[in-house]
Amino acid sequence: MPLTDTKIRNARAKEKDLLIVDHNGLYLAVKKNGSKLWRYRKMMKGKTILLSIGSYPEISLADARATCLEYNKLVAQGIHPRKELDAPTGDAFEPLAREWHEKHQVKWGEVHRAKILRRLEKDIFPFLGDKPINSIQPQDILRVLRIMENRGATDLAHRMHQVIGQVFRYAVATGRAERDNSADLKGALTPVRHKHHASLTDPKDIAQLLRAIEGYQGSHVVRCALRLSPLLFVRPGELRHAEWAEVDIKGREWRIPGEKMKMKVQHIVPLAKQAIAIIEDLRPLTGNGKYLFPGRVSARPMSENTINAALRYLGYDTRQQQCAHGFRSMASTLLNEQGWNRDAIERQLAHAERDGVRAAYNFAQYLPERRKMMQAWADFLDKLRDGAQVIPLHHAAGEK
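Keep in mind that what you see is a predicted model, and the values were worked out from it rather than measured.

Here is what the cut-offs are and how they apply
Residues numbered from 1 in each chain as written. Predicted model: local features only at pLDDT ≥ 70, side-chain atom pairs only at ≥ 80, totals over all residues. Heavy atoms only, no water. Phe/Tyr/Trp six-rings, centres within 6.5 Å; stacked < 30°, edge-to-face > 60°. Helix = DSSP H or I, 4+ residues; strand = E, 2+ residues; numbered from the N terminus. Buried < 20%, exposed > 50% of the residue type's maximum accessible area, 1.4 Å probe, protein only. Pairing = 2+ DSSP bridges. Contact = heavy atoms within 4.5 Å. Axes fitted to C-alpha atoms, helices over the stretch in contact; angles between N-to-C directions. Core = buried A, V, L, I, M, F, W, Y, C linked by side-chain atoms within 4.5 Å. Salt bridge = Lys/Arg side-chain N within 4 Å of Asp/Glu carboxyl O. Polar contact = N/O pair within 3.5 Å; in protein donor to acceptor, adjacent residues only side chain to side chain.

Caption draft 1: Structural detail: the packing of aromatic side chains. One pass over the full model with this rule turns up 7 aromatic pairs. On the basis of an interplanar angle of 70° and a centroid distance of 6.4 Å, the ring pair of Phe93 and Phe125 is categorised as edge-to-face. Of this pair, Phe93 sits in helix α4 (residues 93-104) while Phe125 sits in helix α5 (residues 110-128); the two residues are 32 residues apart in sequence, bridging distant segments of the chain. No difference in accessibility class separates Phe93 from Phe125, as the two residues are buried. Ring geometry for Tyr216 versus Tyr313: centroids 5.5 Å apart, planes at 80°, classification edge-to-face. On the criterion of sequence distance, the pair formed by Tyr216 in the loop between α8 (203-214) and α9 (220-232) and Tyr313 in helix α12 (residues 306-313) is long-range, its members being 97 residues apart.

Right, here's the structure in full:
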């Protein structure tokens, strides 16, 4: 049914943006942040035209419809409305970015694909989404990136600068932008200080952390994710995207599909009896869904910040002491000290071999040893948590 002012005023988006169709190519995009934006969509010469008309209530329903009628007259003559009415500006950034994302997502894993779109929707579209791409100046982009810098997300600002640049270059290649204006920001952002992920490696400190995790009083789903983090030491994104269909309890392993892995290769995680017990403890809560660790208000995986937030709740500084990603460094350090085969450890960390033949050999050769190693690691963590005294080799060597 056609839109009315009452329907527009009452429209609300919940978990995702809402699109309400009017007629003659006009529709209203209702954003989760409450903004309401007029859009025009039409086919011309086999291609889709996507144009931004403006926001409601600044542009009324009557004015938006009038604009659509003018656009339709031009389309009927084979004339692109934006080229005729506003030639210097071109198409809006958000539709172009979504088109770029759709074209390029085949080369990304599921986790990376979702992360890029989520970051665009959260950090970029609210500020640049409705701007015609040719009207976006370097200072406009810098203002958006500064918002990320000011909240401490310097690395994210650099990543989104790269993404914006890719969207601009796609627009140039497809004839909808004149140049990549993001290129003028080279050197304008605060340099990223690369440092290792915060990680505890002293068994005494690890023991305290394990006991703190056992005493976690928050959500049971989060507690299970916390307890599995040191046991499995996979990347945080891999853990929170774990699916029930990937877990083989009888075979005592979790097979992560290649499209979810950083190196695009299937990864097998042997499950110690302790890990299986935690997973089975979780099953009554989330076993009927897709993910082991769904978000609280949606069927999507839990937030990427959930584990770090839980660690901070337990009193740990995730920049200086222990972060979710740091469980990998913890396991790597101690397993190497305990004398486990380096190749087996690297394979369990899913670090890629540059030599394809060697990689295939290690995959088959070290799986039995990795099964033994993962059970021994779980037993070791149990002993630490229960008070066993262990002197780390790197500390002992420093005391000589």
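Caption draft 2: Representation of the sheet that holds strand β5 (residues 247-248) within the structure. Across the sheet, 3 strands lie side by side as β5-β6-β7; this open sheet has antiparallel pairing. Because the sheet does not close on itself, it has two edges, and the strands there are β5 and β7 (267-270). Pairing analysis gives 2 bridges linking β5 to strand β6 (residues 253-256), with the strands arranged antiparallel. Bridge pairing in β6 places Asp248 opposite Glu253. Against the sheet, helix α16 (residues 367-385) touches β6 and β7, its axis set at about 40° to β7.

Caption draft 3: Geometry of the nonpolar core. Leu228, Leu232, Trp254 and Phe293 are the most contacted members of the largest nonpolar core, which has 55 residues in total. When contributions to this core are tallied by element, the ones reaching two or more residues are α8, α9, β6, α11 (273-286), α12, α13 (326-337) and α16. Looking at which element gives the most residues to this core, the answer is α9, with 8 residues. Contact partners of Phe293, with chain neighbours within four places excluded, come to Val221, Cys224, Ala225, Leu228, Leu239, Arg240, Leu282, Pro301 and Met302. Residues Trp100, Ile116, Ile136 and Leu142 belong to the second largest nonpolar core, which totals 30 residues.

Caption draft 4: Spatial organisation of the pattern of salt bridges. In the structure shown here, the tally under the stated rule is 26 salt bridges. Between Glu94 and Arg39 there is a salt bridge; the shortest N-O distance is 3.5 Å. Of the two residues, Glu94 sits in helix α4 while Arg39 sits in strand β3 (residues 36-44), which places them 55 residues apart along the sequence. No difference in accessibility class separates Glu94 from Arg39, as the two residues are buried. Between Arg223 and Glu214 there is a salt bridge; the shortest N-O distance is 3.3 Å. Judged by its relative accessible area of 17%, Arg223 is buried. Through salt bridges with shared partners, one network takes in Lys31, Arg39, Glu94, Arg98, Glu121 and Asp130.

Caption draft 5: Region of the structure containing the sheet that holds strand β1 (residues 18-21). Strand order in the open sheet formed by 4 strands is β1-β2-β3-β4, with antiparallel pairing between adjacent strands. Two strands lie at the open edges of the sheet, namely β1 and β4 (47-56), each paired on one side alone. Recorded for the sheet is a direction-independent mean angle of 25° between the axes of neighbouring strands. The sheet contact formed by β1 and strand β2 (residues 26-30) spans 4 bridges and is antiparallel. Residue pairing in the sheet places Val21 in a bridge with Tyr27 of β2. Here helix α2 (residues 61-76) sits on the sheet and contacts β2, β3 and β4; the angle it forms with β3, its principal contact strand, is near 15°.

Caption draft 6: Representation of the environment of Gln320 within the structure. In this structure, Gln320 sits in the loop between α12 and α13. Under the relative-accessibility criterion, Gln320 is labelled exposed at 59%. Separated by 121 residues in sequence, Gln320 and Ser199 place their C-alpha atoms 7.8 Å apart.

Caption draft 7: Molecular detail of the side chain of Lys260. Examined against the element boundaries, Lys260 turns out to sit in the loop between β6 and β7. For Lys260, a relative accessible area of 9% puts it in the buried group. Among the polar contacts listed, one links the side chain of Lys260 to the side chain of Glu243, at a separation of 2.9 Å. Those residues within four positions of Lys260 in sequence are excluded, and the remaining contacts are Glu110, Val111, Glu238, His241, Glu243 and Glu246.

Geometry only, nothing functional implied.
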